[in-house]
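# Fold and contact review
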Amino acid sequence: MEHAAAAPLWWLGTHGGAGESTLAELVPEWRAADHAWPLVVNSATAAPAVLVARSTVRGLRAAQLAATQWASGIVPHATVLGLVVIADTPGRTPRAIRDLIKVIGGGVPRVWHLPWVESWRLGEDVSLDTAPREVRQVVSDLRALLRAGADGTTN
C-alpha cells in the first residue's frame, strides 16, 4: 500500500481487529497503516512502524508472519520498532499465549503489553489523557525512540 504522505510512526495491525485504528487515535500524527506495510512515496528513509496484534493465537501468528517478513528484508521501506500485544479479554493471559509472545518477541526489537480497556470497547473516547498507564508508557517509549532514531542513536 502506498501512502501519499509520511508519518512519524505507523501502527501496523497484523490482522483485523488488532487495534491499530484505536492506537492511532492516541497521537494524531501517528497513523494506522491499514493492515499493510507503509510505503512512503518519495522518502529516502524507512518508515517507523509498530506491529499490533491481539493476544490470541491467530493474532499472534499474524504478528509472527509480519515480523518474519520484516526480518527477511522484503520490506526495506519499513523499520519495525516493536510489537504491541493488546489483551483480547480482561484477566490473566494464558501460559500458552505468554509463551508464544516470548517466541515472537525474539524476532522484534521490543514487545509492549497493553491491557483490556473496557471503555474503548464500549465506544468511549480514546484519549491519551485517560488511557491506562501502560498505554501512556508505550507512547512515551515510542516518542523517545523516535527522538533517538529507529536504531537507538541520538540524532
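Position numbers for residues start from 1 in each chain and track the written sequence from start to end. In view of the model being predicted, local features appear only for residues whose pLDDT reaches at least 70, and side-chain atom pairs are presented and counted only at 80 or more, with totals across whole chains, interfaces and linings using the full set of residues. Calculated side-chain values reflect all of the structure's heavy atoms, with hydrogen atoms and water omitted.

## What to know about the nonpolar core
One broad rule of soluble globular proteins: the nonpolar side chains tend to lie buried together. In this description, a nonpolar core means a group of buried Ala, Val, Leu, Ile, Met, Phe, Trp, Tyr and Cys residues linked to one another through side-chain atoms lying within 4.5 Å. Throughout, exposure labels follow a simple rule: accessible area from a 1.4 Å probe, protein chains only, divided by the maximum for the residue type, with under 20% read as buried, over 50% as exposed, and the rest as partly exposed. One finds Trp-11, Leu-23, Leu-26, Val-50, Val-84 and Leu-142 to be the most contacted residues of the largest nonpolar core, which totals 26 residues. A run of H or I in DSSP becomes a helix once it reaches four residues, and a run of E becomes a strand once it reaches two; helices and strands are each numbered from the N terminus. If you list the elements that add at least two residues to this core, you get helix H1 (20-24), strand S5 (47-54), strand S6 (78-86), strand S7 (111-114) and helix H5 (133-148). Residue contributions to this core peak at 5 residues, all from H5. Residues contacting Leu-23, with those up to four places away along its chain left out, are Trp-11, Val-52, Val-84, Ile-86 and Leu-114. With 23 residues, the next largest nonpolar core counts Leu-12, Ala-53, Leu-60 and Ile-101 among its residues. Here, two residues are considered to be in contact whenever any of their heavy atoms come within 4.5 Å of each other.

## A short note on the pattern of salt bridges
A pair is scored as a salt bridge if a Lys or Arg side-chain nitrogen falls within 4 Å of a carboxyl oxygen belonging to Asp or Glu. The final tally for this structure, using the stated rule, is 2 salt bridges. For Arg-121, the salt bridge goes to Glu-118, with nearest N and O atoms at 3.9 Å. With Arg-121 and Glu-118 both in helix H4 (residues 118-121), this residue pair falls 3 residues apart, about one helical turn. Judged by its relative accessible area of 37%, Glu-118 falls in the partly exposed class. Between Glu-134 and Arg-133 there is a salt bridge, with its nearest N and O atoms 3.8 Å apart. Glu-134 sits in the partly exposed class, given a relative accessible area of 28%. Using a relative accessible area of 58% as the deciding quantity, one classes Arg-133 as exposed.

## Some points on unusual backbone geometry
With a phi angle near 55°, Asp-34 is a residue other than glycine that sits in the positive phi range. Here the phi dihedral of His-35 falls at roughly 60°; this positive angle occurs in a residue that is not glycine. With respect to the helices, strands and loops of the structure, His-35 is situated in the loop between strand S3 (31-32) and strand S4 (39-40).

## Section: helix H3 (residues 95-105)
Structurally, the α-helix is built with 3.6 residues per turn, so residues lying three or four positions apart point the same way. Buried residues of H3: Ile-97, Leu-100, Ile-101, Ile-104 and Gly-105, and no others. In a view along the axis of H3, the buried residues occupy a sector of 135°, so they form one face of it. Relative to its buried face, H3 has exposed residues pointing more than 90 degrees away, namely Arg-95, Ala-96, Lys-102 and Val-103. The elements touched by buried residues of H3 are helix H2 (57-72), S6 and S7. To obtain the arc, one takes the directions from the helix axis to the C-beta atoms.

## Some details on the packing of aromatic side chains
In this analysis, rings of Phe, Tyr and Trp, with Trp reduced to its six-membered ring, are considered paired at centre separations within 6.5 Å, and the interplanar angle assigns stacked below 30 degrees, edge-to-face beyond 60, and tilted for intermediate values. Using the criterion set out here, one finds 1 aromatic pair in the structure. Here the guanidinium or amino end of Arg-143 rests over the ring plane of Trp-30, the centre of that ring lying 5.9 Å away. To sit over a ring, a charge needs its Lys NZ or Arg CZ within 6 Å of the ring centre and within 35 degrees of the ring normal.

## Quick word on the sheet that holds S7
Note: two strands are recorded as paired if DSSP finds a minimum of 2 bridges between them. The parallel open sheet is built from 5 strands, whose spatial order is S3-S2-S5-S6-S7. Here the strands that pair on one side only, and so sit at the sheet edges, are S3 and S7. Axes, fitted as lines to C-alpha atoms, cover a helix only where it is in contact. Angles between the N-to-C directions of the axes lie from 0 to 180 degrees. Against the sheet, H5 touches strand S2 (10-13), S5, S6 and S7, its axis set at about 155° to S7.

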